[in-house]
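Fold and contact review
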Number of protein chains: 2
Amino acid sequence: MRAATLRCVLALSLLPILATAQSAPPTTASVLAEAPASDWEPIDPANLLVMEVAGGQVLIELAPQFAPEHVGNIRQLAKQHYFDGLAIVRVQENYVVQWGDPEGETEQRRSLGEAKPKLPAEFSRGHGELPFLALPDPDSYAPRTGFSLGFPVARDERETWLVHCYAMVGAGRGGPADSSTGAELYTVIGHSPRHLDRNITLVGRVIEGLDRLTVLPRGGGAMGFYETPEQRVALRRVRLASDLPESERPRRERLRTESASFAKLVEARRFRREDWFVNPVGRVEVCNVPLPVRVAQP
Amino acid sequence: MRAATLRCVLALSLLPILATAQSAPPTTASVLAEAPASDWEPIDPANLLVMEVAGGQVLIELAPQFAPEHVGNIRQLAKQHYFDGLAIVRVQENYVVQWGDPEGETEQRRSLGEAKPKLPAEFSRGHGELPFLALPDPDSYAPRTGFSLGFPVARDERETWLVHCYAMVGAGRGGPADSSTGAELYTVIGHSPRHLDRNITLVGRVIEGLDRLTVLPRGGGAMGFYETPEQRVALRRVRLASDLPESERPRRERLRTESASFAKLVEARRFRREDWFVNPVGRVEVCNVPLPVRVAQP
């Protein structure tokens, strides 16, 4: 293990350069502990989907800046109580949990009501006014990756798009690129399937309660679909937080990805200077940076 | 969505170049269907750890070429029935499932018997005779990634190391780099935590039954540890397949990562030329390539 020792020495020798003015190098915990209130931002209740399943709530932050048409439809569907009584129909190991209308492909499907039956694919956006905190490290899939408005993103010279990290939520589609409506949703529960980027419209991410979904039995059918109606898991109630009575409304805030604290967090994750790490890698991948959320402070 | 249409046209225009001699571009399914028997390889029963938990078996292929000392210890521990009656002690969402002796830090710990109490860290190997199928695409963490002897690996100019993809199995350690013995093991159940590469000794990967672990309730304690003994999940029996009677021995084979079929599979994963993909990305990341395993053919 002489080589390992050498690497260790090299890594240590970099520390004085990296540690800049601070006495102790920052860790994820220390960055969060020191973040000023102004670096946190309340999550808009109109962007917070509250999904009740057996065991409790799953909270999803919607991303209207990236998929305005789909988020509009999801808001409308929630207002109509469209999802209530529908079900989780698919749980595929190392891939996705998917929910919607089990009769979605049949004549018995539930009406979309005032939601739009047809939406454009919203795979990417022009950069426009989107903020962008770029990661300096290479990515296997995109020219550039980073963060924008609380979400992990990638970009090229012309466009920005949400990326398929663990916990991201997307709108299932059929063959045509524009066949998703937001009535059928999924979330990622395995190694981030980044090949789906720009192939499905991502609409948000699970910010709390994902473990109510990841523990569900995997489906035995093709692609992890449950094989019988009894295996499906009911969606008891799905509402926008803004449509819930004040007393039932979950209040969450997230660390702004445009804040100085988040930039520090990224550096803490890149270098992992805690004692335990023998080889702090000095790099990070976009799906390995936590996007901190907390109960709103009074 | 004009830009999306443009990208679509560009992607399609590449197809004639990529399709080479074949009429239909290969898919994962077609590559596997066409792989000759010689591209499959039986998994050595001396490298196959059979772990029985509630619900059934979890099969782990050990990697003696990468962590010979740890695999030696794990084989010895299994022979001694060391793991029988120990437990899964930690399930952390989007991270790891960990098992071993709940009393591992106390005087009541189970004896390691003839297994070695101290091993060297086995974070990486000299290239030596290791085969290496390189991926052409960039990686966020390592100069080069690819596959060797059935495992996902990274390498630099001097060394090769196993990487922390979903399902990889490692040997837990404390503060010192050489404090792992193989008596405490974990597997990855979330987005691949590649920052752990070269910081813990990886010893193999789960090749079957991982969903018996991923569905377990997450632990409520710090880092996902279970808080009471009742929450822990018993390890009923852990054996090397080679130590089981012939009639109980699972027989599995894997697609050789050194075979022509595996190289084709990698290309099929990079381009995803199936009809559904609007934007076949043309790249792949090391943890997004399946490592196919099947029941041994008679």
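Here's a quick rundown of the structure. (Residues numbered from 1 in each chain as written. Chains lettered and ligands numbered in written order. Predicted model: local features only at pLDDT ≥ 70, side-chain atom pairs only at ≥ 80, totals over all residues. Heavy atoms only, no water.)

Here we look at the relation of the copies chain A and chain B
Once chain A has been moved 0.0 Å along the axis and rotated by 180°, it coincides with chain B to within an RMSD of 0.0 Å. On the angle and the small slide along the axis, the relation comes out as a two-fold axis. By residue overlap, the copies meet face to face through one surface: 100% of the interface positions of chain A are interface positions in chain B. (Least-squares fit on C-alpha atoms with pLDDT ≥ 70 in both. Contact = heavy atoms within 4.5 Å.)

Structural notes on the interface of chain A and chain B
Taken residue by residue, the interface counts 53 residues in chain A and 53 residues in chain B. For the pair chain A and chain B, the summed buried area comes to about 4500 Å², and 52% of that belongs to carbon and sulfur atoms. A per-residue breakdown of the area chain A buries against chain B is headed by A:Tyr141, A:His191 and A:Trp276, which together make up 17% of the total. For the pair chain A and chain B, the number of links is 0 salt bridges. (Buried area = accessible area lost by both parts, 1.4 Å probe. Salt bridge = Lys/Arg side-chain N within 4 Å of Asp/Glu carboxyl O.)

A word on the sheet that holds strand E10 (residues 159-162) of chain A
All names here are of chain A. One open sheet accounts for 5 strands, arranged E6-E10-E9-E8-E7; its pairing is antiparallel. Lying at the two open borders of the sheet, with one neighbouring strand each, are strand E6 (125-126) and strand E7 (133-134). Relative to strand E9 (residues 151-155), strand E8 (residues 144-148) is paired through 5 bridges, and the arrangement is antiparallel. Residue pairing in the sheet places Gly146 in a bridge with Val153 of E9. (Pairing = 2+ DSSP bridges. Helix = DSSP H or I, 4+ residues; strand = E, 2+ residues; numbered from the N terminus.)

Here's the deal with the pairing of strand E3 (residues 56-62) of chain B
Consecutive residues of a regular strand have side chains that alternate between opposite faces of the sheet. All names here are of chain B. Burial of E3 is extensive: 5 of the 7 residues sit out of reach of the surface. By the bridge criterion, 6 bridges tie strand E2 (residues 48-53) to E3 in an arrangement that is antiparallel. Opposite Leu48, over in E3, you have Glu61 as the bridge partner. Here E2 folds back onto E3, and the loop between the two strands holds 2 residues, one of which, Gly55, carries a positive phi near 100°. Looking at chain direction, E3 and strand E13 (residues 201-208) are connected through 4 bridges and run antiparallel. Bridge assignment links Leu62 to a residue of E13, and that residue is Gly204. (Buried < 20%, exposed > 50% of the residue type's maximum accessible area, 1.4 Å probe, protein only.)

With respect to the environment of B:Glu258
Residue and element names in this part refer to chain B. Considering the arrangement of structural elements, one finds Glu258 in the loop between strand E15 (252-255) and helix H5 (260-271). As for Glu258 and Asp39, which are separated by 219 residues in sequence, their C-alpha atoms are 8.3 Å apart. If we ignore the near neighbours within four places in the chain, the residues touching Glu258 are Pro131, Phe147, Ser148 and Leu149. A polar contact is formed between the side chain of Glu258 and the backbone nitrogen of Leu149, at a distance of 2.9 Å. (Polar contact = N/O pair within 3.5 Å; in protein donor to acceptor, adjacent residues only side chain to side chain.)

Focus: the packing of aromatic side chains
Counting across every chain of the model gives 8 aromatic pairs over all chains. Geometrically, the ring pair formed by A:Phe147 and A:Phe262 is edge-to-face, given 5.0 Å between the ring centres and 75° between the ring planes. Pair noted here: A:Phe147 is in strand E8 and A:Phe262 is in helix H5 (residues 260-271), with a separation of 115 residues, a long-range link. Take A:Phe147: its relative accessible area is 0%, and that puts it in the buried class. Plain terms: the ring middles of A:Trp276 and A:Phe277 are 5.1 Å apart, the flat faces sit at 80° to each other, and that makes the pair edge-to-face. Directly above the ring of A:Trp40 sits A:Arg294, whose terminal nitrogen or CZ lies 4.0 Å from the centroid. Note that B:Arg173 overlies the ring of A:Trp276, its terminal NZ or CZ placed 3.7 Å from the centroid. (Phe/Tyr/Trp six-rings, centres within 6.5 Å; stacked < 30°, edge-to-face > 60°. Lys NZ or Arg CZ within 6 Å of the ring centre and 35° of its normal.)

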